[in-house]
Amino acid sequence: MVSRMERHRPYGPYERYVKRPLDAVVSLFGLILCSPVFLVIGLLVKARLGSPVIFSQERPGLNGKIFKLYKFRTMTQERGEDGKLLPDKDRLTDFGKLLRRSSLDELPELVNILAGDMSFVGPRPLLVSYLSRYDSRQAHRHDVRPGLTGLAQTRGRNGLSWEKRFEYDVAYVEKITFAGDMKIIFDTIAVVVKGTGINSGTSVTMEEFKGGEKGD
């Protein structure tokens, strides 16, 4: 197994010098150009799902540093008689499913990209509780900034097993190129248009990652 303590070495000039500045510039223009879309979606979320319009949650980013991820809400706040939130499948409305299927719920992550917490392409940011569950190789997914989309999202999204997702994540981290990023972006567009891989097959999102045996 590759040691998690090894310092990540950028694959080439694109990763070292170009990727982050390009992310910042494109995300800024994206926020400006998409501002009318933000307004319309925000009003629809407010009317159909209530407040707050923006869902935020702490996620681990580069080197495991915690940041707050922003997305449009896709679920209601409905609770059972015991006061606890109902299961995801009961709170996910048709409107919420549409936002997820089109990936429009991800638009607020442009703010995360501009702030430097995320990149357009990289391993998707998962839950903080997963940090202690990765083996030494899987942990390398945090050697780079998490992405709005990634290699795993073009190869099956939530339809993949956790092990296969992490294989794709680490494969991406090991060889980051401009051509590779462009291919992932265009492949992501095709996946979104087809609407495939949104559910895991047994869940409306993805089952919890329980972890596996730890490597050295």
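Residues numbered from 1 in each chain as written. Predicted model: local features only at pLDDT ≥ 70, side-chain atom pairs only at ≥ 80, totals over all residues. Heavy atoms only, no water.

## Section: helix α4 (residues 94-102)
For the α-helix, the turn length of 3.6 residues means that residues three or four positions removed from each other point alike.
Thought 1: Restricting attention to buried positions, one finds in α4 the residues Phe 95, Gly 96, Leu 99 and Arg 100. Along the axis of α4, the buried residues cluster in a sector spanning 140°; they form a single face.
Thought 2: Following α4 by one or two positions, Ser 103 adopts a phi angle in the positive range, close to 65°. (Buried < 20%, exposed > 50% of the residue type's maximum accessible area, 1.4 Å probe, protein only. Helix = DSSP H or I, 4+ residues; strand = E, 2+ residues; numbered from the N terminus. Arc of directions from axis to C-beta.)

## Overview of the pairing of strand β1 (residues 54-60)
Thought 1: Note: β1 against strand β2 (residues 66-72), 7 bridges, orientation antiparallel. Paired with Arg 59 across the strands is Phe 67, a residue of β2.
Thought 2: Linking β1 back to β2 in an antiparallel pair, the connection comprises 5 residues, with Asn 63 at a positive phi of about 60°. (Pairing = 2+ DSSP bridges.)

## A short note on the packing of aromatic side chains
Thought 1: This model, assessed by the stated rule, comprises 9 aromatic pairs.
Thought 2: When the ring of Tyr 130 is compared with that of Phe 209, the centres are 5.6 Å apart and the planes differ by 75°; the resulting orientation is edge-to-face. Of this pair, Tyr 130 sits in the loop between β3 (119-121) and β4 (147-149) while Phe 209 sits in the segment after α8 (178-194), and the two are 79 residues apart along the sequence. For the residue pair Tyr 130 and Phe 209, the accessibility class agrees, reading buried in each case.
Thought 3: Judged by centre distance (4.9 Å) and plane angle (80°), the ring pair of Phe 166 and Phe 209 falls under edge-to-face. With a gap of 43 residues between them, Phe 166 in helix α7 (residues 162-174) and Phe 209 in the segment after α8 connect regions that are remote in the sequence.
Thought 4: Look at Phe 166 and you get buried, because its relative accessible area is 2%.
Thought 5: For Phe 209, a relative accessible area of 2% translates into the label buried.
Thought 6: Taken together, the ring pairs connect Tyr 130, Tyr 134, Trp 162, Phe 166 and Phe 209 into an aromatic cluster. (Phe/Tyr/Trp six-rings, centres within 6.5 Å; stacked < 30°, edge-to-face > 60°.)

## As for a nonpolar patch on the surface
Thought 1: A cluster of nonpolar side chains, namely Tyr 17, Val 18, Leu 22, Val 25, Val 26, Phe 29, Leu 33 and Phe 178, defines an oily patch on the protein surface of about 790 Å² accessible area.
Thought 2: A per-element tally of the nonpolar patch places helix α1 (residues 13-33) first, with 7 residues.
Thought 3: Inspection of the secondary structure puts Phe 178 in helix α8. (Patch = residues over 30% accessible without salt bridge, like charges linked within 9 Å, V, L, I, M, F, W, Y side chains within 5 Å. Areas by Shrake-Rupley, 256 points an atom, 1.4 Å probe, with all protein chains shown as cover. Salt bridge = Lys/Arg side-chain N within 4 Å of Asp/Glu carboxyl O.)

## Focus on the nonpolar core
Thought 1: Phe 38, Ile 41, Val 45, Phe 72, Leu 107, Leu 110 and Tyr 172 are the most contacted members of the largest nonpolar core, which totals 23 residues.
Thought 2: When contributions to this core are tallied by element, the ones reaching two or more residues are α1, α2 (35-49), β2, α4, α5 (109-115), β3 and α7.
Thought 3: No other element matches α2, which puts 4 residues into this core.
Thought 4: What Leu 110 contacts, discounting residues up to four positions off in sequence, is Ser 27, Gly 30, Leu 31, Phe 38 and Phe 120.
Thought 5: Leu 126, Tyr 130, Trp 162 and Met 206 belong to the second largest nonpolar core, which has 8 residues in total. (Core = buried A, V, L, I, M, F, W, Y, C linked by side-chain atoms within 4.5 Å. Contact = heavy atoms within 4.5 Å.)

## Comments concerning the layout of surface pockets
Thought 1: For the largest pocket, the calculated volume is near 1,600 Å³.
Thought 2: Lys 71, Asp 105, Glu 106, Arg 124 and Asn 158 are, among the 50 residues lining the largest pocket, the residues nearest its centre.
Thought 3: Within the residue set of the lining of the largest pocket, elements represented by two or more residues are α1, β1, β2, α3 (88-91), α4, β4, α7 and α8.
Thought 4: Looking at the lining of the largest pocket element by element, the count peaks at 5 residues for α8.
Thought 5: Partitioned by chemical class, the residues of the lining of the largest pocket number 24 nonpolar, 13 polar and 13 charged.
Thought 6: As a volume, the second largest pocket reaches approximately 440 Å³.
Thought 7: Lining the second largest pocket are 17 residues, with His 8, Glu 15, Leu 62, Asp 143 and Val 144 sitting closest to its centre. (1 Å grid on protein atoms, 1.4 Å probe; cavity = no way out; pocket = protein on both sides within 12 Å on 5 of 7 lines; lining within 4 Å. Points joined across faces, edges and corners; volume = space filled by probe spheres on them. Nonpolar A, V, L, I, M, F, W, Y, C, P; charged D, E, K, R; others polar.)

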